[in-house]
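# Structural description and commentary
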Amino acid sequence: MWRYLAGVASALLLMAGGMIWWKSAARADSPIPPAPPAAVALPAGRGPLIPDAPPAATPATREEKRFNRYDKDRDGGIARAEYLASRRKAFAKLDTNGDGRLSFDEWATKTTAKFAQADADRSGVLTRAEFATTATPRKPAARCACPQTAD
């Protein structure tokens, strides 16, 4: 029974502490931040000058770059033909006899050639050592291209 009473008491204390903390966070004593500097007028009617204003640059996002790769005619839209153009090129590379159909052998040409190259003893079976040669080389992780300072 005393465990229940201790649990209720601790819950009430936690709620009271939370209320005190919540109310104190609402009363921020920090002053209002100052207004940004106003434009400075130049003499001889040259117009306003905003100090320390960096040039506005909008780098293209990854999605914008991807969209631009598909939008070949740059009309702001991707037509069905534009969307399928890369697939048509890939299909044409695989369709070696040009009949408009892919047989399994045409589709698996690259894999078949890779297997034949890896099978050094021409046994028709890849050993662990032969299979290890088929691993795709990975690019190393990008490192910081920070300029090095000479000390």
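Before going into details, it helps to say that this report is about the structure given with it. The model shown is predicted, which means the values in this text are computed figures rather than measured ones.

A surface patch of nonpolar side chains, about 510 Å² in accessible area, is lined by Phe91, Leu94, Leu102, Phe104 and Trp107. Tracing the chain through its elements places Leu94 in helix H3 (residues 80-94). Note on Leu94: relative accessible area 32%, which makes it partly exposed.

Quick look at the packing of aromatic side chains now. With the rule as written, the count across this model stands at 2 aromatic pairs. Relative to Trp107, the ring of Phe104 lies with its centre 5.7 Å away and its plane at 45°, an arrangement referred to as tilted. Taken together, the positions of Phe104 and Trp107, both in helix H4 (residues 104-107) and 3 residues apart, correspond to about one turn of that helix. Residue Phe104 is classed as exposed on the basis of its relative accessible area of 58%.

When you line up the elements, Glu82 lands in helix H3. For the buried Glu82, no salt bridge exists, and the shortest N-O distance to an oppositely charged side chain is 7.2 Å, to Arg74. In terms of polar contacts, Glu82 uses its side chain to reach the backbone amide nitrogen of Asp73, at 3.2 Å. Residues contacting Glu82, with those up to four places away along its chain left out, are Tyr70, Asp71, Lys72, Asp73 and Gly77.

Parameters and conventions
Residues numbered from 1 in each chain as written. Predicted model: local features only at pLDDT ≥ 70, side-chain atom pairs only at ≥ 80, totals over all residues. Heavy atoms only, no water. Patch = residues over 30% accessible without salt bridge, like charges linked within 9 Å, V, L, I, M, F, W, Y side chains within 5 Å. Areas by Shrake-Rupley, 256 points an atom, 1.4 Å probe, with all protein chains shown as cover. Salt bridge = Lys/Arg side-chain N within 4 Å of Asp/Glu carboxyl O. Helix = DSSP H or I, 4+ residues; strand = E, 2+ residues; numbered from the N terminus. Buried < 20%, exposed > 50% of the residue type's maximum accessible area, 1.4 Å probe, protein only. Phe/Tyr/Trp six-rings, centres within 6.5 Å; stacked < 30°, edge-to-face > 60°. Lys, Arg positive; Asp, Glu negative; His and termini not counted. Polar contact = N/O pair within 3.5 Å; in protein donor to acceptor, adjacent residues only side chain to side chain. Contact = heavy atoms within 4.5 Å.

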